[in-house]
Amino acid sequence: MRGWVPCVAAACVIAACGGHANAPSVGDSTAIARHQDDSVVAFRTQQAPALADTARRTLTVLLKHPETAFFDSVVVVLPPKEDGRWPAAWVCGRIGGKPGVGGRSTPTPFIYRNAVTAFVLDQNNGQAFAALRARSCDNPGARVLLR
């Protein structure tokens with residue numbers, strides 16, 4: 001009879017405490033989500049200079065004389081979460097050179113996402129470019145990672 005008393009006592013303690021010890025509270029879930037968001041933003045911020053450099057190297061091929069390329073107003077932004085997920089960071093700015101993009105004499109606005117997804121403003125895409133810029137670079141909910 002004495003052998004089962006400690007087992008019953010242990011079972012009672014486990015039943016009383018077990019289910020509640022591992023279940024996160026609402027506050028803990030919020031803290032975990034905030035920590036995950038902070039981690040993603042910190043990682044993307046760390047990667048921002050490399051992304052901006054890649055954008056510069058990629059976009060210089062648009063110029064007749066890539067060695068004359070210059071950039072201004074370059075910023076790396078992280079648009080707000082979409083469907084609970086962070087989108088990729090974007091690089092926005094202007095590129096110029098001699099001659100500039102399409103022979104222009106003034107810098108041309110661009111939006112760069114990756115090596116195969118870059119957008120440059122031209123006379124045929126003004127409305128679409130403005131909409132994309134509003135959704136990414138100029139989005140009030142976007143986080144500036146690098147200026």
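These figures come from a predicted structure and were not determined experimentally.

Participant: Would you mind going over the nonpolar core in detail, with residue names and values included?
Facilitator: Residues V76, L78, V91, I95, F110, Y112 and L145 are the most contacted members of the largest nonpolar core, which totals 18 residues. Counting only elements with at least two residues in this core, the list comes to helix 2 (26-59), strand 1 (70-78), strand 2 (90-96) and strand 3 (108-114). Residue contributions to this core peak at five residues, all from helix 2.

Participant: Give me the lowdown on the pairing of strand 4 (residues 117-120), citing residues and values where you can.
Facilitator: Two faces, one strand: in a regular strand the side chains alternate between the faces of the sheet. Where strand 3 and strand 4 come together, four bridges link them in antiparallel fashion. Residue pairing in the sheet places Y112 in a bridge with A118 of strand 4. The turn joining strand 3 and strand 4, which pair antiparallel and follow one another in sequence, is formed by two residues.

Participant: If you had to explain the environment of T58 to someone new, which residues and values would you point to?
Facilitator: Mapped onto the secondary structure, T58 falls in helix 2. Expressed as a C-alpha distance, the spacing of T58 and N114, which sit 56 residues apart in the sequence, is 8.9 Å. Other than its neighbours up to four places away in sequence, T58 contacts Y112 and A115. Within the structure, T58 has its side chain in polar contact with the backbone oxygen of T54 (distance 2.8 Å).

Participant: Tell me about the pairing of strand 3, residues and numbers included.
Facilitator: Pairing between strand 2 and strand 3: five bridges, direction antiparallel. Paired with G93 across the strands is F110, a residue of strand 3.

Participant: Can you explain the packing of aromatic side chains? Please cite residues and give values.
Facilitator: A complete count under the given rule lists one aromatic pair for this structure. Here the aromatic rings of F71 and F110 are separated by 6.0 Å at their centres, their planes lie at 90°, and the arrangement is edge-to-face. Taken together, the residues span a long stretch of sequence, with F71 in strand 1 and F110 in strand 3 at a distance of 39 residues. What makes F110 buried here is its relative accessible area of 1%.

Participant: Tell me what's going on with the state of the cysteines, and back it up with residues and numbers.
Facilitator: Tallying each qualifying case throughout the model produces one disulfide. The side chain of C92 participates in a disulfide bridge whose partner is C137; the two sulfur atoms lie 1.5 Å from each other. The sign of the -70° torsion about the S-S bond sets the C92-C137 disulfide as left-handed. Of this pair, C92 sits in strand 2 while C137 sits in the loop between helix 3 (126-135) and strand 5 (143-146), and the two are 45 residues apart along the sequence. Across the pair, exposure class does not vary: C92 and C137 are buried alike.

Thresholds applied
Residues numbered from 1 in each chain as written. Predicted model: local features only at pLDDT ≥ 70, side-chain atom pairs only at ≥ 80, totals over all residues. Heavy atoms only, no water. Core = buried A, V, L, I, M, F, W, Y, C linked by side-chain atoms within 4.5 Å. Buried < 20%, exposed > 50% of the residue type's maximum accessible area, 1.4 Å probe, protein only. Helix = DSSP H or I, 4+ residues; strand = E, 2+ residues; numbered from the N terminus. Pairing = 2+ DSSP bridges. Contact = heavy atoms within 4.5 Å. Polar contact = N/O pair within 3.5 Å; in protein donor to acceptor, adjacent residues only side chain to side chain. Phe/Tyr/Trp six-rings, centres within 6.5 Å; stacked < 30°, edge-to-face > 60°. Disulfide = S-S within 2.5 Å.

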